[in-house]
Amino acid sequence: MTPFSFQSIGIVHSPFKEKFGIPRQPGLAPSSKAVLELLPPFNVPDAVNGLDQFSHIWVVFVFHETAQRGWTPTVRPPRLGGNERMGVFATRSTHRPNPIGLSVVELDRIEVNGEKVLLHLKNIDLLDGTPVLDIKPYIPYSDALPQANAGFAASAPERIMTVSFDSAIAEQLADLPDLKQLIIDVLSFDPRPAYKVEKSEDRVYGMAIGDKDVKFIIDKNKLRVIGL
Ligand code: SAM
């Protein structure tokens, strides 16, 4: 087959600095925000003319962080507890023959600032530095199919953790309500890989959000943030 070659039309600036803890799909962490910056020569306002009429967009991107790891025909979706295998094409796994991701996200606004064309996004599942291949408007009459059969992913994952903060951390976050909400949004889903959950009760976990290294411990369904 003829190989295709694509170039990045943009790059994502996201508070998620590492894979661990990023929501497993868009739409799960409403407080998450990112900026999609168009790259030259695509950073022209004309290229997004009319896009601001749409509340949501499809972002087609490269799983750049894991692209080198290749793919396997079957993977273990977290939704199935991480132990059952499914065909890669039956999942949204990052380990695909072509490491391409597809996320529908909220388009908050478009900012044109000198040479920069910036799309402000919300409710994302994208790693910082994600290369973007394409952007398309989300069109509900065609793209939203509420009656569709969604197999093993029929409903959204549940927020199974109650998230609390050590008093010193709560004080630190008093002036950072957006960050606090983002931490709650993300951690309430339990970021641990499904197949490791049983073994990990005494461990201190860390997740890089923005410029913070969020440290937390988990006891059953209670998650406590102990460091920032
Ligand atoms: N919504 C997309 C899709 O369905 O194609 C992505 C789904 S994938 C299960 C979401 C996960 O991909 C995130 O939780 C994060 O761990 C990972 N991820 C996000 N951006 C990435 C990137 N640039 N490189 C590698 N992994 C990434």
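Basis of the calculations
- Residues numbered from 1 in each chain as written.
- Predicted model: local features only at pLDDT ≥ 70, side-chain atom pairs only at ≥ 80, totals over all residues.
- Heavy atoms only, no water.
- Helix = DSSP H or I, 4+ residues; strand = E, 2+ residues; numbered from the N terminus.
- Contact = heavy atoms within 4.5 Å.
- Polar contact = N/O pair within 3.5 Å; in protein donor to acceptor, adjacent residues only side chain to side chain.
- Core = buried A, V, L, I, M, F, W, Y, C linked by side-chain atoms within 4.5 Å.
- Buried < 20%, exposed > 50% of the residue type's maximum accessible area, 1.4 Å probe, protein only.
- Domains from an automatic or database assignment.
- Pairing = 2+ DSSP bridges.
- Axes fitted to C-alpha atoms, helices over the stretch in contact; angles between N-to-C directions.
- UniProt positions renumbered as here; feature names shortened; annotations may be inferred.
- Buried area = accessible area lost by both parts, 1.4 Å probe.
- Salt bridge = Lys/Arg side-chain N within 4 Å of Asp/Glu carboxyl O.
- Nonpolar A, V, L, I, M, F, W, Y, C, P; charged D, E, K, R; others polar.
- Near = heavy atom within 4 Å.
- Areas by Shrake-Rupley, 256 points an atom, 1.4 Å probe, with all protein chains shown as cover.

Focus: the environment of asparagine 43
Phase 1 of the analysis: Note on placement: asparagine 43 falls in the loop between strand S2 (33-38) and strand S3 (56-62).
Phase 2 of the analysis: Note: C-alpha distance between asparagine 43 and lysine 180 (137 residues apart in sequence) is 33 Å.
Phase 3 of the analysis: Dropping the residues within four chain positions of it, asparagine 43 is found in contact with Leu38, Glu115 and Val117.
Phase 4 of the analysis: Within the structure, asparagine 43 has its side chain in polar contact with the backbone oxygen of glutamate 115 (distance 2.9 Å).

Some points on the nonpolar core
Phase 1 of the analysis: Formed by 42 residues in total, the largest nonpolar core has its most connected members in Leu119, Leu187 and Val225.
Phase 2 of the analysis: Of the residues forming this core, the biggest block, 5 residues, is contributed by helix H3 (residues 177-187).
Phase 3 of the analysis: There are two domains that each give this core at least three residues, and those are domain 1 (10-143) and domain 2 (162-227).
Phase 4 of the analysis: Residues contacting leucine 119, with those up to four places away along its chain left out, are Ala34, Val35, Leu36, Val48, Leu51, Ile57, Leu107, Arg109, Ile110 and Ile135.

Concerning the sheet that holds strand S9 (residues 162-165)
Phase 1 of the analysis: The mixed open sheet is built from 4 strands, whose spatial order is S9-S12-S11-S10. Edge positions in the sheet fall to S9 and strand S10 (204-209), since each has one partner strand and no second. Averaged over all adjacent pairs, the angle separating strand axes in this sheet is 35 degrees, with direction ignored.
Phase 2 of the analysis: As paired elements, S10 and strand S11 (residues 212-219) share 6 bridges and run antiparallel to each other. By the bridge assignment for S11, isoleucine 209 is matched with lysine 212.

Points about the UniProt feature "domain: TsaA-like" (unreviewed entry) in the protein
Phase 1 of the analysis: Those places that UniProt annotates as "domain: TsaA-like" (unreviewed entry) correspond, in this numbering, to residues 6-147.
Phase 2 of the analysis: This span, residues 6-147, is 3% helix and 35% strand, and a straight line between its end C-alpha atoms measures 34 Å.

Examining the domain arrangement of the protein
Phase 1 of the analysis: Taken as a whole, the protein is organised into domain 1 (10-143) and domain 2 (162-227).
Phase 2 of the analysis: One C-alpha centre belongs to domain 1, the other to domain 2; they are set 24 Å apart.
Phase 3 of the analysis: Each partner contributes residues to the interface: domain 1 has 20 residues there, and domain 2 has 19 residues.
Phase 4 of the analysis: Where domain 1 abuts domain 2, roughly 1400 Å² becomes buried across the two surfaces, and 64% of that area is made up of carbon and sulfur atoms.
Phase 5 of the analysis: Looking only at domain 1, the three residues that lose the most surface to domain 2 are Phe20, Arg24 and Ser31, adding up to 35% of its buried area.
Phase 6 of the analysis: Applying the counting criterion to the domain 1 and domain 2 interface returns 0 salt bridges.
Phase 7 of the analysis: At the boundary of domain 1 and domain 2, one finds 6 residue pairs in polar contact (both at pLDDT 80 or more).
Phase 8 of the analysis: Residues belonging to the side of domain 1 that touches domain 2 are distributed by class as follows: 9 nonpolar, 6 polar and 5 charged.

Points about the site of the ligand
Phase 1 of the analysis: Near the ligand you find 21 residues, and of these Gln25, His64, Arg92, Asp125 and Thr130 are the closest.
Phase 2 of the analysis: Take glutamine 25: an N or O atom from its side chain is 2.8 Å from a nitrogen atom of the ligand.
Phase 3 of the analysis: Interatomic distance of 3.2 Å between a backbone N/O atom of leucine 127 and a nitrogen atom of the ligand.
Phase 4 of the analysis: Here the ligand, which alone exposes 600 Å², has 93% of that area covered by the protein.
Phase 5 of the analysis: Contributions of two or more residues to the shell around the ligand are made by S3 and strand S6 (100-113).
Phase 6 of the analysis: Per-element tally for the shell around the ligand: the top contributor is S6, with 3 residues.
Phase 7 of the analysis: Taken together, the residues that form the shell around the ligand break down as 9 nonpolar, 7 polar and 5 charged.

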